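Remarks on the overall topology
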Amino acid sequence: MSNQQNNTLAGTPNIPVRRMDFEFDDAIPKYWFANNPMLTMLLTGLSCSFPEGERMFMRAVRHYQDRITDPELMKEVRAFIGQEAHHGKEHQAFNEFMARKGLPIAKIEGFVKNAIAFEERHLSKERMLAKTCALEHFTAMFAEAILEHPEVLELMDERLQPLWLWHAVEESEHKSVAFDVYQQQVDNYWVRVSEMALTSVLFTYFTGLHTVQLLRASGEQRNFKATAQGLNKLIGPKGFFRGMLPQYLAYYSPNFHPSQRDSSALRERGLRMLKGLLGDKLPLAA
Ligand SMILES: [Fe+2]
Ligand SMILES: [Fe+2]
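Anyway, here's the lowdown on the structure attached to this text.

Observations concerning the nonpolar core
Core analysis: the biggest nonpolar cluster contains 79 residues, and Trp-32, Phe-94 and Trp-164 have the highest contact counts within it. Sort the elements by how many residues they give to this core and helix H1 (residues 37-65) lands first, with 14 residues. Setting aside chain neighbours within four positions, we find Phe-94 in contact with Phe-24, Trp-32, Thr-44, Ser-47, Leu-160, Leu-163 and Trp-164.

Written out as structure tokens, the structure is:
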């Protein structure tokens with residue numbers, strides 16, 4: 001962690017931009033999540049899509065930045081861009097750490113980059129913003145599930161817990177920003193929900209594909225026991241995704257807004273945990 005003294009937080013009081021500088025020790029085991037190849041490669045595959053995916057979110061929102069007249073939303077957009085830029089930087093460092101384990105990270109990152117470039121060439125700015133809102137809903141759901149079930153974090157190597165916890169807190173903090181820009185600047189229900197339906201299929205398919213590619217590269221594609229244990233942790237009776245379907249479906253309501261789920265208590269608890277993990281290395285609110 002770099003020197004955090006004199007660290008003044010950019011962003012807004014509710015969306016502070018915390019500058020982290022994680023270093024990932026090569027002594028951290030390859031299967032750092034519950035010692036389970038499937039769970040580890042699922043999150044690693046997601047992380048491969050974060051740096052370019054988050055740059056795509058930034059571009060989608062930035063396109064409308066000059067048209068925003070609400071001064072509060074303007075500040076929130078800057079904070080959103082700041083937070084996402086830092087997520088991309090830290091996940092890039094994490095991805096490089098996993099690449100040093102011999103995984104085909106560059107190949108997956110390259111695929112994600114090309115796929116996003118293709119979408120940006122063929123989809124309207126409205127759709128790219130709707131896609132950003134859809135993916136922000138996914139990240140907020142996953143983030144708040146992590147905050148709600150911190151025992152999930154305890155399954156991770158403790159040196160990686162701060163990365164995922166910090167990212168989860170900030171995804172919850174800024175979950176309304178892209179949506180508010182969309183509602184003010186586009187406000188098209190059909191585009192919003194049709195893009196969510198499309199994005200859900202693509203996101204699920206490519207997340208699964210990247211997980212399989214990484215498992216194959218690790219020689220773990222036939223480790224059915226670990227895959228069954230991992231799936232049980234995700235979708236079993238006490239699984240991580242349990243209870244998420246109503247939250248997902250809520251997005252299709254014409255009256256949906258991300259703030260309808262008040263997660264401030266979850267975020268406060270998450271920040272206390274982060275403080276416990278990082279101590280005075282955690283940038284403090286001004
Ligand atoms: Fe992010
Ligand atoms: Fe985000």
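Re helix H3 (residues 105-122)
Owing to its 3.6 residues per turn, the α-helix brings residues three or four apart onto one side. The terminal C-alpha atoms of H3 lie 26 Å apart, and with 18 residues this matches the ideal 26 Å at 1.5 Å per residue to within 8%. Looking at H3, one finds that the buried residues are Ile-105, Ile-108, Glu-109, Val-112, Ile-116 and Glu-119. Seen from one end, H3 has its buried residues packed into an arc of 100 degrees, which puts them on one side. Exposed positions of H3 whose direction lies more than 90 degrees from the buried face are Ala-106, Lys-107, Asn-114, Arg-121 and His-122. Here the buried face of H3 lies against H1, helix H2 (71-99), helix H4 (125-148) and helix H8 (189-217).

What to know about the coordination of the iron ion (ligand 1)
On the protein side, the iron ion (ligand 1) has Glu-54 (OE), Glu-84 (OE), His-87 (ND1), His-167 (NE2) and Glu-171 (OE) as donor atoms, found 2.0 to 2.4 Å from it. Separating the iron ion (ligand 1) from the iron ion (ligand 2) is a gap of 3.7 Å, which Glu-84 spans by donating to each of them. Pair noted here: Glu-84 is in helix H2 and Glu-171 is in helix H6 (residues 161-173), with a separation of 87 residues, a long-range link. By relative accessible area, Glu-84 is classed as buried at 0%.

Rules of the game
- Residues numbered from 1 in each chain as written.
- Chains lettered and ligands numbered in written order.
- Predicted model: local features only at pLDDT ≥ 70, side-chain atom pairs only at ≥ 80, totals over all residues.
- Heavy atoms only, no water.
- Core = buried A, V, L, I, M, F, W, Y, C linked by side-chain atoms within 4.5 Å.
- Buried < 20%, exposed > 50% of the residue type's maximum accessible area, 1.4 Å probe, protein only.
- Helix = DSSP H or I, 4+ residues; strand = E, 2+ residues; numbered from the N terminus.
- Contact = heavy atoms within 4.5 Å.
- Expected span 1.5 Å × (residues − 1).
- Arc of directions from axis to C-beta.
- Donors = N, O, S within 2.8 Å, 3.2 Å for Na, K, Ca; no water.

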